[in-house]
Amino acid sequence: MKEPMDPTTITKKYRVLIADDEPIIREGIRDAIDWATLGMEVVGEAEDGEEALERVVDLDVDVVLVDMNMPFLNGIGLIRALQQKCPRCRYLIISGHDEFAYAQEAVRLGVEDYILKPVEAEQLYAALGRLRQRLDEEYQRTAYVRQAADQIERNIPLLRQRFCLEWLEGQIRERDLMEQLTFLRLPSTPPVQIGAVRWPAAEARKTVMRENDRQLFLYAVENIISELLEDRPHVLFRDASGLIGICVWQEAPEEIASLLEQQITSCLNIAIHAHVELHSGTLEETPDTYRLCRERVYGEVRLSPLVRRARQLIQEEYAERELTLESLASRLQVSAVYLSRVLKKELDNSFVTLVTQARIRKAVQLLDSTTLPIHTIAERVGYDTQHYFSTAFKKAMGISPAQYRKDGGTGDRSSGIQ
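Since this is a predicted model, take the numbers as computed values, not measurements.

A.B. asks: Sorry if this is basic, but what is going on with unusual backbone geometry here?
C.D. replies: With glycine set apart, most residues show a phi of negative sign, and most peptide bonds adopt trans. Positive phi, close to 55°, is recorded for Arg 185, a residue that is not glycine. The backbone phi angle of Gln 333 is positive, close to 60°, even though this residue is not glycine. The residue Gln 333 is located in the loop between helix H13 (325-332) and helix H14 (336-347) in this model. Its relative accessible area of 74% is what places Gln 333 among the exposed residues.

This is the structure:
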């Protein structure tokens, strides 16, 4: 990959044209100056203003040495014409007349310097040196701006993702919305559809699945979503948990959420939850629609407070050997039979499975990130014996803890932890 340009290392040779109606003057100027040392080169000459105007444009000139009293088009007329055609050109006047009116007009036109004939080489060299310094500073500023613009252009997709995430999570001030949409070249109208795609196993396996694998799967999910949305204007973004948000500015089929679930399951063999809502509100109301989508894919609105609290306690206290269905039910002030039934109904898992999942997740994290002996890991995650731990681990992951560590974490990804 090509390294970005460093504007501080840029050198440019500036192109100079000498415009004077006296050949001996042009020759004297050309021969009296060490142009290479100045970082300049004389690329052309002109004996009148009209010729100079034509040659400056054709030769892409940076600096024009202008005689004030040329035929057909004098120096002031030439500069005025060039300001329209070559606004980046710089001018240095060489004149046989020390007249205040000329000098005043030259200053008004932004002429860099005003030198009287006969020209002294040292004076002209000094003036050109000052001009070179100003040109370098301007060129460097332009290079920095160009580099920044290039970097922004390359990062527009990432900036759009970041913006949409912050916008739909309610972190963008309303007065800044239109400005940012314009800057990122996004439609100024509200999205017509908002969606969310959740891969529950990625969250449950956050400490089980290797992060590279998780990111690759999420990237593949995003590719499938983009393919199904075809060429409709859209932005996909991802929050810290891996939830994928969708903004679409041209309506997709009503069954798009179902299509997403089917296609991703078919291609990647993973189960995802997708929900897409029509958005008929304003730009400012867009986060409300996203919030609804997020609630739908998380299903939190369907979980009872009892189940949410039970799940939280399991995730916090899985390593406690005293944690049983009965002790948990007692803390929640319900019967063990009732708690078991609602866990199965709302989470589609038994108490034992939920505890095992939490323990194996932590065990995999320790196997990946530490050199602790397996018997120590077994104790830390709540198992009385290494044998019991190894049996549970192999059932969940498809291989033993020792083999998992030896193979660098490969195992049966389709089994065990949901």
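What follows picks up the thread again.
A.B. asks: Honestly, the packing of helix H3 (residues 49-59) against helix H4 (residues 75-85) in this entry has me stumped. Any pointers?
C.D. replies: Geometrically, a packed helix pair is captured by the angle between its two axes and the distance between the axes. In contact at an axis separation of 10 Å, H3 and H4 are set at 20° when each is read in the N-to-C sense. Classified by the angle between their axes, H3 and H4 sit roughly parallel to one another. Crossing of H3 over H4 shows right-handed handedness. Here Gly 49, Ala 52, Leu 53, Val 56 and Val 57 of H3 lie close against H4, whose contacting residues are Leu 78, Ala 81, Leu 82 and Lys 85. Residues belonging to the contact of H3 with H4 are distributed by class as follows: seven nonpolar, one polar and one charged.

A.B. asks: Please explain the packing of helix H15 (residues 351-369) against helix H17 (residues 386-397) as it appears in this structure.
C.D. replies: Taken N-terminus to C-terminus, the directions of H15 and H17 make an angle of 95°; their axes are 11 Å apart at the nearest point. With respect to H17, the element H15 is oriented roughly perpendicular. Along the contact surface, H15 presents Ile 360, Ala 363, Val 364 and Leu 367, while H17 presents Phe 389, Ala 392, Phe 393, Ala 396 and Met 397. Considered class by class, the residues forming the contact of H15 with H17 number nine nonpolar, no polar and no charged.

Conventions and cut-offs
- Residues numbered from 1 in each chain as written.
- Predicted model: local features only at pLDDT ≥ 70, side-chain atom pairs only at ≥ 80, totals over all residues.
- Heavy atoms only, no water.
- Helix = DSSP H or I, 4+ residues; strand = E, 2+ residues; numbered from the N terminus.
- Buried < 20%, exposed > 50% of the residue type's maximum accessible area, 1.4 Å probe, protein only.
- Axes fitted to C-alpha atoms, helices over the stretch in contact; angles between N-to-C directions.
- Parallel < 35°, antiparallel > 145°, perpendicular 65-115°, else oblique.
- Left-handed = near helix turned anticlockwise from the far one by under 90°.
- Contact = heavy atoms within 4.5 Å.
- Nonpolar A, V, L, I, M, F, W, Y, C, P; charged D, E, K, R; others polar.

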